[in-house]
Every structure is written in C-alpha cells, then in structure tokens.
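This is what each chain is made of:
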Amino acid sequence: MSFKKEIERRRTFGIISHPDAGKTTLTEKLLLFGGAIQEAGAVKSNKIKKGATSDFMEIERQRGISVATSVLAFEYNGTKINILDTPGHKDFAEDTFRTLTAVDSVIVVIDVAKGVEEQTEKLVEVCRMRNIPMIVFINKLDREGKDAFDLLDEIEQKLGLTVVPMSFPIGMGYDFKGIYNIWEKNVNLFNGDSRKHIEETIEISDLNAKELDALVGETSANTLREELELVTGIYPNFDKEAYLKGAVQPVFFGSALNNFGVRELLDCFVEIAPRPRPKQSEERLVNPDEDKFTGFVFKIHANMDPNHRDRLAFIKIVSGQFKRNTPYLHVRNGKKLKFSSPNAFFAEKKEIVDVSYPGDIVGLHDTGNFKIGDTLTEGEEIHYKGIPSFSPEHFRYINNADPLKSKQLYKGIDQLMDEGVAQLFTLELNGRKVIGTVGALQYEVIQYRLEHEYGAKCSYENLAVHKACWVEPEDPKNDEYKEFLRVKQRYLAKDKQGQLVFLADSAFSLQMTQQKYPTIKFHFTSEFH
Ligand code: G4P
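Residues numbered from 1 in each chain as written. Predicted model: local features only at pLDDT ≥ 70, side-chain atom pairs only at ≥ 80, totals over all residues. Heavy atoms only, no water.

(A) Highlighting the sheet that holds strand 9 (residues 186-189). Strands sit in the order 7-8-9-10 across an open sheet of 4 strands; the sheet is antiparallel. At either margin of the open sheet sits one strand with a lone partner, and together these are strand 7 (167-170) and strand 10 (201-203). Geometrically, the sheet is characterised by an average inter-axis angle of 25° between neighbouring strands, direction not taken into account. Note: strand 9 against strand 10, 3 bridges, orientation antiparallel. (Pairing = 2+ DSSP bridges. Helix = DSSP H or I, 4+ residues; strand = E, 2+ residues; numbered from the N terminus. Axes fitted to C-alpha atoms, helices over the stretch in contact; angles between N-to-C directions.)

(B) Structural context of the side chain of R449. When you line up the elements, R449 lands in helix 12 (residues 441-454). In this structure the side chain of R449 is engaged in a polar contact, spanning 3.0 Å, whose partner is the side chain of E419. (Polar contact = N/O pair within 3.5 Å; in protein donor to acceptor, adjacent residues only side chain to side chain.)

(C) Region of the structure containing the sheet that holds strand 24 (residues 394-400). Read across the open sheet, the 8 strands follow the order 27-24-26-25-29-30-28-31; overall the sheet is antiparallel. Where the open sheet ends on each side, the last strands, each with one partner, are strand 27 (458-462) and strand 31 (520-523). Adjacent strand axes in the sheet meet at a mean angle of 40°, parallel and antiparallel pairs treated alike. Here strand 29 (residues 492-494) runs beside strand 30 (residues 500-504); their pairing, made up of 3 bridges, is antiparallel. When the bridges of strand 30 are listed, A493 appears paired with V501. Contacting strand 28 (467-473), strand 30 and strand 31, helix 14 (residues 507-516) runs over the sheet at an angle of about 130° to strand 30. (Contact = heavy atoms within 4.5 Å.)

(D) Quick peek at the pairing of strand 30. Among the 5 residues in strand 30, 5 count as buried, and that is most of the element. Residues L500, F502 and A504 line one face of strand 30 and the alternating positions V501 and L503 line the opposite face, and both faces are buried. The pairing of strand 28 with strand 30 spans 4 bridges and is antiparallel. Of the residues in strand 30, the one forming a bridge with W470 is V501. (Buried < 20%, exposed > 50% of the residue type's maximum accessible area, 1.4 Å probe, protein only.)

(E) Representation of the environment of K146. Mapped onto the secondary structure, K146 falls in the loop between strand 5 (134-139) and helix 6 (148-159). Given the relative accessible area of 28%, K146 is considered partly exposed. Residues K146 and K114 lie 32 residues apart in sequence; the distance between their C-alpha atoms is 7.8 Å. Setting aside chain neighbours within four positions, we find K146 in contact with V112, A113, K114, G115, L151, E154 and M172. At 2.9 Å, the side chain of K146 forms a polar contact with the side chain of E154.

(F) Seen up close, the pattern of salt bridges. In this structure the tally under the stated criterion is 32 salt bridges. Here K177 and D175 are joined by a salt bridge, their closest N and O atoms 3.4 Å apart. On the accessibility criterion, D175 (40% relative accessible area) is partly exposed. With a closest N to O distance of 2.7 Å, R332 and D374 form a salt bridge. You can see R332 sitting in the loop between strand 17 (328-330) and strand 18 (335-337) and its partner D374 sitting in the loop between strand 22 (361-366) and strand 23 (375-377), a full 42 residues away along the chain. (Salt bridge = Lys/Arg side-chain N within 4 Å of Asp/Glu carboxyl O.)

(G) Spatial organisation of the nonpolar core. Within the largest apolar cluster, 77 residues are counted, with the highest numbers of intra-cluster contacts made by V106, I138, I155, F253 and F370. Not counting the four nearest positions on each side in its chain, F370 is found in contact with V297, I300, R311, A313, H330, R332, L337, F339, L364, L376 and D418. Formed by 31 residues, the second largest nonpolar core is a distinct cluster that contains L31, I81, V262 and I272. (Core = buried A, V, L, I, M, F, W, Y, C linked by side-chain atoms within 4.5 Å.)

(H) View of the packing of helix 11 (residues 406-418) against helix 12. Contact geometry for helix 11 and helix 12: axes closest at 10 Å, N-to-C directions at 120°. For the element pair helix 11 / helix 12, the angle class is oblique. In the crossing of helix 11 with helix 12, the sense of the turn from one axis to the other is right-handed. Residues Q408, L409, K411, G412, I413, Q415, L416 and M417 of helix 11 lie in contact with helix 12, whose contacting residues are I446, R449, L450 and Y454. When its residues are assigned to classes, the contact of helix 11 with helix 12 shows 7 nonpolar, 3 polar and 2 charged. (Parallel < 35°, antiparallel > 145°, perpendicular 65-115°, else oblique. Left-handed = near helix turned anticlockwise from the far one by under 90°. Nonpolar A, V, L, I, M, F, W, Y, C, P; charged D, E, K, R; others polar.)

In structure tokens:
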C-alpha cells in the first residue's frame, strides 16, 4: 500500500467522558466490531475505584491496566483505528490533556440520565480551544433519562457546541424501541439484549410509510415523525467541513452496554473523522504526507518491574515513516538514537513493528532520555508545541526522610517529573523543593513509587499556595521587574525547565501583585511564548 493510502486510512482518536458514562464499555464494543477482541469484559476499566486512594495495590493495578489500554489499535473495513486512552479521574486530568495533543478527533460520551458532567465540561473545553473535531455519543438509552431535546440543549449550552443529531431515539428506558438513523435513513430496533449479536437494521426510505407504524407502533411512529420534523427545523444539516473545523458536532444515541447504536457511530466515524492532521511546531506547520519522519512524546510510562528502571515513551508519528533500527535526532539533547524494538499496540497485545505511519503510536523503551513533549526527527530542528503545564491545584514541600538515600530520592523525583506525574518547583530563596499536583492522589503515588522503585523515602509538608504563575516581564532590565524580584523573593521558584514561577499564596495577593506590577505578565500555563 502506498504511503499516502496508509495515511488516508488512519483514524486516531480519544474517547472522553465523565467517569461512569460508559467510555470503557463503548471502547470494548468498538473493539468487538473490529474483531480485535472476541468477548465482552476483555477491556479493563482504568478507573480508580472509589475509596481506593490509600490502597497502593490498587494504584499498581491501575498502572498495569493503564499501560495495557494506553493505545488500542484495530482494523475495521480497511481503516486502521487507534484509540488513545484518556483517564477519566480528575486527579489524572493532566494526563488526559496531554493525550489530547496526540489525537486527531474525539468521541464524547454522555450519560442520558446525568447529562453534561463536570469532567466532560473541562475536557470538551480543551478540545474546543484546539478545534478538535468531536462526535457526541449519548449513552444508556435503555434507561430512563432526560428528554432528547432537553439534552441537546444542555450540550449546546454547557459545552458550547453546535449539535447536529445524526440519529434519534424512539422512546427511552422502559419504552425504548430503537433508533432512527438520520444519516443512513434506517431504523434499528432494540430487542432488549443485543449484547451478543449485532442488531438488525431496517431500511426506511419514506418516514410516512405504514411500515414504520408496524415496526414501532402507531404512537411511537407518529411521535418520531413529529420529532424528526423538529430536528430538521431546529438543527443545521450535517456539513463535513464544518465538523472537521470543529464548528459543528454530530450526535448519536445508543446503549453501549447493549451494543446498540454503536455500529452506526463507528460507520459514520470511519467515514467522516479526519485522517492524521498537520501539526504546528514552533518552526513551521508539519504535514503528515512529508517524506521525513517527525514525532513527539506525549506520554511516558514507567516500567512495572522495579528491577528494570526502563520506561516506555509513547510517540505520536506526525509525518513520514518511523522505521526500526534507524537513527533519529532527539532534538532537545541533540543526540542520535535508534530503536531496536519499537512497540505497536493492538487490542490485547503489543508487537515489535518495522514501520509505522502518521497517526500511529509507537512505544519506545527509554532509559531516561525522554521527557514529555520531546521531538524526534530525521535531523530537522523542530519543536512541537502544545503540551503545556497548567498551574497545579495542590502544593507541598517534599523532604528527604532517609538522609542516606538522597541521591536516589532526587533521581526518583527527576524521573517521575519527566513522566509528568507532577510538577517540581525549586524555591529561589532556599532551594527547597515543592511538588505541585492536580489531585491529592498523586502525592501518595509519588511516595509509594519513590520507595518501591528508587528505594527512597520522602515526607511532605503543607504549603499554602493558591496558584503557580509563569512570569513574563516586558523588560527584564526595568526597575519594576527588579523590584518585583526583590520584594517577592520568598514566593519565587523555578520550574523544571528553569522558568521563573510566582507562587501566589492567595487570589487576593495575586491580584494585588498584578496591579502593582502592570508590565509583568502572569500566565497560568507554562506555554505562553
Ligand atoms: P467509564 O469507563 O466511562 O467510567 O464507564 P464504564 O464503561 O465502566 O461504565 C460505567 C457503568 O455503566 C458500568 O456499570 C456499565 O456496565 C454501565 N453502562 C455502560 N453503558 C451502559 C448502557 O448503555 N446502559 C446501561 N444500562 N448501563 C451502561 P457498573 O455497574 O459500574 O459496572 P459493571 O459492574 O457493569 O462493569
């Protein structure tokens, strides 16, 4: 197959949702369609179970699962599909944000009864800012839930989307009869348990045909006719270009658990979802069709075996072909590296591959060369943008609890930060180290991993910080900036890249500081250049 065709046939996407909306179930059904797995229950949920925060075996188990489900690839009707896993738990939101830099589109899963939930709002906002094409799947139609029109309104209002229904439910919950597929103009009847087999589809070319009444009953048929008339009146027609620009979002209804409405979603997805898209680097826009290989690290996973400290760096291929045993430039440190066993991921296994194409993800064994955001190329100095750090929510001093193991402790901290587990700040005044995280759970993960993987012990001490802001002076030489550095010295730190950060202790002090030093900009993300 030609290089161009290989690119054309790839679809790399992520499924985002609030925990429990049905992401794992949907993923599993998609894999069943692709023939990648044979039975339900094969995909393990990477959810942190409730109350598991101090159960370290649970955390280790989760890490195992999260390696296994990081990328799930399968073939469907000639299309190569790569699903990138996104943790739903809010403490791992930053992981999800980073994964979203490697997808070309997303599917948003919403629970019909719960509607738009908090995590969905945050994640969709990130996708909206980046104009990532989104398809919405409203799940659990076999249960009582919100009225379809109310839900579509809620999605538009809370998520700021412009929806285009591609299917429409016939009844709901107890009265759920099936789904009318607006896109394919057919009816899918729900028989209560389609778990094991794939449902039958009945073509309905004319909505007014009596055939519909016979299928779903006269009342339901009439309601559907009225509702579809409303849909046509209220919502725009589907426009692929608008979807690809992120201007409209097609919506499907279904029940993942019952494998209902999933095939419609998948068939439409394969047809409309974007092939690998060009990516902006600091230097230029890089096109997937370019001959030369480029790619970037969006995730690093530590090895599960504490005796081998190697890690798996996940690379998204942006352009060209990634080949085994070929030297590539690691742009940040200027070294040439080659990889003898790059892994590709399939539903239930990983395999060593000789060639990978744009859109694919390869896992490279790494002994400490990679950081999140690093770029690999055939020689060109390219830096991919868009993997910023956000201000953490929690801050604690980290102390060495075993003086004989300080070397191990610092190495451990260094590597865990490269993996993106948390952020490290070093205070300007006294060199003390502060760990900033998105959720409190990470502190336990860090402590546990430092001890088990590096043989080091740490303790924490609370620190009252409201936000970390990256500091950008208009003129580093002006008196205002000099005064700021002197007066606020106690609150200044360097992040791991050596950028200056202001650790504001309250919203009020941040506001006062902003007013007092108007020529200095305070950014809430590390990527402001
Ligand atoms: P997540 O990955 O988004 O967190 O959600 P997950 O797929 O694990 O689904 C959460 C719960 O919702 C599961 O039930 C799952 O069986 C159920 N579910 C998913 N899709 C549907 C659907 O279409 N209809 C109905 N009625 N339920 C659905 P659970 O009891 O939490 O877990 P389990 O014991 O069934 O695995």
